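Spelled out from the first residue to the last, the chains are:
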Amino acid sequence: MYRMVLCFIFPTDEVLPNMETPRRPPNGRKVLDIEVYSSRSKVYVAVDGTTVLEDEMREQGRGIHVIVLNQATGHVMAKRVFDTYSPHEDEAMILFLNMVTRGRVLIFTIKDEGSFHLKDAAKSLLKGLGSQVSMSLSWRDMWTLVVKKGGQVYGEKHSKSPALSTWGDPVLLKTEVQLTASEDAECHWSDTELNRRRKLFCSKVEGYGSICSCKDPAPIEFSPDPLPDNRVYDVPVAVIAGNRPNYLYRMLRSLLSAQGVNPQMITVFIDGYYEEPMDVVELFGLKGVQHTPISIKNARVS
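A short tour of the structure in this document, coming up. This is a predicted model, so every value here is computed, not measured.

**Quick notes on the packing of aromatic side chains**
At step 1: A full pass over the atoms with the stated rule returns 10 aromatic pairs.
At step 2: Note on tyrosine 37 and tyrosine 44: the rings are 5.4 Å apart at their centroids and 20 degrees apart in plane angle, and the pair reads as stacked.
At step 3: When the centroid spacing of 5.1 Å and the interplanar angle of 70 degrees are considered together, the rings of phenylalanine 201 and tyrosine 208 count as edge-to-face.
At step 4: For phenylalanine 201, a relative accessible area of 3% corresponds to the buried category.
At step 5: When its relative accessible area of 4% is taken as the criterion, tyrosine 208 is described as buried.
At step 6: An aromatic cluster of three or more residues is present, and its members are Phe201, Tyr208, Phe222, Tyr249 and Phe284.
At step 7: Here the basic side chain of arginine 40 rests over the ring of tryptophan 167, its NZ or CZ set 3.7 Å away from the ring centre.
At step 8: Here the guanidinium or amino end of arginine 198 rests over the ring plane of tryptophan 189, the centre of that ring lying 5.7 Å away.

**As for the pairing of strand E10 (residues 153-159)**
At step 1: Buried residues dominate E10, accounting for six of its seven residues.
At step 2: Two strands pair when backbone bridges link them, and strand E9 (residues 142-148) and E10 are joined in this way by six bridges, in the antiparallel orientation. Considered in E10, the bridge of leucine 145 is made with glutamate 156.
At step 3: Hairpin geometry of E9 and E10 is characterised by an intervening segment of four residues between the two adjacent antiparallel strands and by a positive phi of about 80 degrees at glycine 150.

Cut-offs applied
Residues numbered from 1 in each chain as written. Predicted model: local features only at pLDDT ≥ 70, side-chain atom pairs only at ≥ 80, totals over all residues. Heavy atoms only, no water. Phe/Tyr/Trp six-rings, centres within 6.5 Å; stacked < 30°, edge-to-face > 60°. Buried < 20%, exposed > 50% of the residue type's maximum accessible area, 1.4 Å probe, protein only. Lys NZ or Arg CZ within 6 Å of the ring centre and 35° of its normal. Helix = DSSP H or I, 4+ residues; strand = E, 2+ residues; numbered from the N terminus. Pairing = 2+ DSSP bridges.

The following block contains the structure:
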């Protein structure tokens, strides 16, 4: 008789000089047209006319929205929102930005308020990325920034709040981003089955740090010590996950490092058709099953 182990995962606009419209790049090189909007009640980002972010929900999405684009394809690799009106969200933003690969295109925009708990460490990081106004961001300012990590600043706009009781005027940044050659955006790992999985994963998603390091990538295959008299080697393990891929990533690394684990007996069930959690499952070479949710609100796996 099989026993089953269940693992749950719960848990007037101010225009800055020389920052508006960049020069047209040399002929023959593809560019992306990018629009970024910041206001009290709405943010949006459009890439080549396609809206990749739009948030105008009441009482939701406050703070700094961040989008990461692949610098060779323009593909959206990550979306995050950090409610930097609240404590510690600036620390989470610092962690995320430090884990993004150098060379990626970063897009920032504020909805409602994003400065109350944006401390100097986070402002300094944004300044290091190329922002000219991050150190002076204050209560209810509106702000947008498009920059390549470790490289060019493509545009930045900022609107100061005139009083504590009101918000800065909405800002709309229109700019262009020149795409790089695909070979310059990829790591040249040896051609193995493991590295093919790694290469596919790292071309699609961002924010996983050293897993995508070109020089010293973190392992995706583990060899834990065997468990003496292992009676659970052939016990099926079901991992129940939702749309929190970073939590799933950490959990699977821990599980695959455990003594006596048998990866062939692990199946990850994803509550919904979410792409990034399945990308994490496939990175580790595990079986994954996506299914249509049958519950709503608090009955869903978060």
